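Listed here are the chains, written in short residue letters.
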Amino acid sequence: MTPDDADAFRKSRGELRAHLRALRRALSRGQQDRAAAALHAGISKLDCYRDSGRIAFYIAIDGEASPALLLRDALAAGKSCYLPRVASAEKLDFIAHKAGDQLVESGWGIPEPMPGETIEPHALDLAIVPLVGFSRECGRLGNGKGFYDRAFAFRRRNPQLGPMLLGLGHECQLLDLPPMRAWDVPLDAVATPARVYWRGGADRGSSD
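These figures come from a predicted structure and were not determined experimentally.

Chemist: Explanation requested: the pattern of salt bridges in the structure shown.
Modeler: Where side chains of opposite charge bring their charged atoms close, a pairing between them can arise. Taken as a whole and assessed by the stated rule, the structure comprises 10 salt bridges. Note that D62 and R25 form a salt bridge whose closest N and O atoms lie 2.5 Å from each other. Taken together, the residues D62 in the loop between β1 (54–56) and α4 (68–76) and R25 in helix α1 (residues 3–25) connect sequence positions 37 residues apart. Classification of D62 by relative accessible area gives partly exposed; the value is 29%.

Chemist: Looking at this model, I keep getting lost on the environment of L131. Mind explaining?
Modeler: Counting through the fold element by element, L131 comes out in the loop between β7 (126–129) and β8 (133–134). Between the C-alpha atom of L131 and that of R17, which follows or precedes it by 114 residues, the distance is 9.8 Å. Discounting chain neighbours no more than four positions away, the residues touching L131 are R24, R140, L141, G167, L168, G169, Q173, L187 and V190.

Chemist: How should I be thinking about the sheet that holds strand β2 (residues 80–86) in this particular structure?
Modeler: Sheet strands pair by backbone hydrogen bonding; their relative direction is either parallel or antiparallel. Strand order in the open sheet formed by eight strands is β6-β3-β2-β1-β7-β10-β11-β12, and the pairing between neighbours is mixed. Each edge of the sheet is formed by a strand with only one pairing partner; in this case those strands are β6 (118–119) and β12 (196–198). Inspection of the sheet shows β1 paired to β2 by three bridges, in the parallel sense. In the strand pairing of β2, A56 is matched with Y82. This element, α4, spans β2, β3 (92–97) and β7 of the sheet and lies at about 130° to β2.

Conventions adopted
- Residues numbered from 1 in each chain as written.
- Predicted model: local features only at pLDDT ≥ 70, side-chain atom pairs only at ≥ 80, totals over all residues.
- Heavy atoms only, no water.
- Salt bridge = Lys/Arg side-chain N within 4 Å of Asp/Glu carboxyl O.
- Helix = DSSP H or I, 4+ residues; strand = E, 2+ residues; numbered from the N terminus.
- Buried < 20%, exposed > 50% of the residue type's maximum accessible area, 1.4 Å probe, protein only.
- Contact = heavy atoms within 4.5 Å.
- Pairing = 2+ DSSP bridges.
- Axes fitted to C-alpha atoms, helices over the stretch in contact; angles between N-to-C directions.

Spelled out as structure tokens, the structure:
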């Protein structure tokens, strides 16, 4: 890849992120609430959620599809729940989270848990992952910092290792992504309020 090609590649991803963020920000509060309810109804029926005891969630910001209802129910069901915390410029920790635990705002404006008990990413059963865009093949366009790709880099070497990676998004975030880079980690599935997209195209039901 020439320097010009590399610049164009970076620009195309940056433009996609800006466009997709604008689309999800344009969703009304009511649309976001209905989306969260539909995601909860659909994902709570999936075996990959019901059979998981250790689940990583995230706190939605900036129009992201919200797993808040799933987190609430997982805590009530006694599942071990974790939230991401940026530990350094290169590392994301997953911190044990319980109902009522205090969250603090990071330098990026993201609510995070206080430092506490961590779990290694490979020990999770399920990781629910935020995204900016996604493809039908479950490619993921993230925020560009690479935290999730680094945390789950072991999945590139052995896709059979846990956890299952489940992205959450809105249908407006579905698109044909630029080719994945060597360090990109694909998702196993992406859930939207309308359906679940499975990597490999397997039809395992919708999230209606």
